[in-house]
Amino acid sequence: MDVNGTVAEGFEPVREAFVRNFETLGERGASVAVYREGQQVVDLWAGTKDIDGTTPWEHGTAQVVRSATKGIAAAVLLLLHQRGQLDLDAPVGHYWPEFKARGKERVLVRHVLNHRAGLPVLDHPLTPEQALDPLRGPAAVAAQAPVWEPGTDHGYHALTYGWMLDELVRRVTGQGAGEWLAAQVTGPLGLDLWLGLPDSEAHRVGRAGRVEGPEPAGGLRARPKRSVTEAYEDPASLTRRAFAAITPFPEQNDPAYRAAALPATNAIATADGLARFYATLIGDTAGASRRFTPETVELARAEESAGPDRVLVVGTRFGLGYMLHGSASPFLAPGSFGHPGRGGALGFADPESGIAFGYVTNGFRKTVTADPRAQGLVRAVRQALGL
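Computed from a predicted model, the values in this text were never measured in an experiment.

**Comments concerning the pattern of salt bridges**
Piece 1. Under the definition given, this model contains 18 salt bridges.
Piece 2. Glu167 is the partner of Arg170 in a salt bridge, and the nearest nitrogen-oxygen pair spans 3.3 Å. Linking Arg170 with Glu167, this pair stays in helix α7 (residues 160-173), spanning 3 residues, or about one helical turn.
Piece 3. When its relative accessible area of 6% is taken as the criterion, Glu167 is described as buried.
Piece 4. Here Glu303 ties to Arg317 by a salt bridge, and the two come within 2.8 Å at their closest N and O atoms. Note that Glu303 is positioned in the loop between α13 (294-301) and β8 (305-308) and Arg317 in strand β9 (residues 315-318), a separation of 14 residues in sequence.
Piece 5. Note on Glu303: relative accessible area 47%, which makes it partly exposed.
Piece 6. Judged by its relative accessible area of 27%, Arg317 falls in the partly exposed class.
Piece 7. Connected via shared salt-bridge partners are Glu98, Asp166, Glu167, Arg170 and Arg171.

**Notes on the packing of aromatic side chains**
Piece 1. Per the counting criterion, the structure on display carries 12 aromatic pairs.
Piece 2. Measuring from ring centre to ring centre gives 6.3 Å for Tyr156 and Phe243, while their planes differ by 45°; the resulting arrangement is tilted. Here Tyr156 is found in the loop between α6 (136-142) and α7, whereas its partner Phe243 is found in helix α10 (residues 238-243), with 87 residues between them in sequence.
Piece 3. Given a relative accessible area of 19%, Phe243 falls into the buried group.
Piece 4. Plain terms: the ring middles of Phe249 and Tyr257 are 6.0 Å apart, the flat faces sit at 70° to each other, and that makes the pair edge-to-face.
Piece 5. Put simply, the rings of Tyr156, Tyr232, Phe243 and Phe318 touch in pairs and so form one group of aromatic residues.
Piece 6. A cation sits over an aromatic face here: Arg66 above Phe364, 4.0 Å from the ring centre.

Cut-offs applied
- Residues numbered from 1 in each chain as written.
- Predicted model: local features only at pLDDT ≥ 70, side-chain atom pairs only at ≥ 80, totals over all residues.
- Heavy atoms only, no water.
- Salt bridge = Lys/Arg side-chain N within 4 Å of Asp/Glu carboxyl O.
- Helix = DSSP H or I, 4+ residues; strand = E, 2+ residues; numbered from the N terminus.
- Buried < 20%, exposed > 50% of the residue type's maximum accessible area, 1.4 Å probe, protein only.
- Phe/Tyr/Trp six-rings, centres within 6.5 Å; stacked < 30°, edge-to-face > 60°.
- Lys NZ or Arg CZ within 6 Å of the ring centre and 35° of its normal.

Following this line, the structure appears as structure tokens:
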């Protein structure tokens, strides 16, 4: 395997794990980047830019990161809170009056981030064309009744998370989350990360698709009396309905999908862009001061939801907008926070070790929260640090 890039002394296990992904786990094209205390220590890429092509993956090749988008978008709400523009304990309806309809008066801003809003499904799913309209998704959520009493339980809001977050940002700032992110964070920092891909960068994005490989040993385990597989196959389950809030799901290689801003699912990034994004949340990097105060870091990773997830049908842990280290989605250490993307991508930060991690791929597997390729790379980082 012809692997390009560099690793700092001591981080050679990451390169070895990256090679194994291609040799044994069906990887076609991917990149991984790691920062430690604001300095890049891993920057590797290999394979093909397109899953079905022969053009080599290059240093600047980017990919859609699916639900790893949620951790990127969460930073927008937390930064608005940090700046005093948004109260996490205010009702969503305080900023967005139309949202209060059908028993949602007590849904708080923090419930959007910790997946306790009770709104993971749409009784009337959107078409792909409707979903790309920035007004249609929020309007659909505003018209939806909760499926459980808001604040009393948690379940992964796979798609509705993005529409609620986007409309909150728009009501507070006059901009969508993607616009605000570009103006306030990714643009000034020069990150190769976009929520709403500009035409000027479209040539850098590879075609993604499905790949097969050995089933993961960990990740989403079945709960007693009801397996994960059954939940995904049952059209009436919250699991199936949550992921079907857009039906059929848009083609992720469609230029129109990539150009739209769906803060739950369609950020596009290089591994370096994703890793450096997290690095700048927890510490200073070259030419940039940290974005999150220590208090905001604690908000991001303080446990808000834990236990059986009514949508994913396994035990999950969430802070405010971020998944937390646990059996369903292992990160580096107990204090890590971040978000996986269904089928592969992963970004997270670990404040105690100063590690920020980004992995992107053009090959999506059946995994939801704990892809074995990403997990192998995380274990290698842990080995390099002697953890």
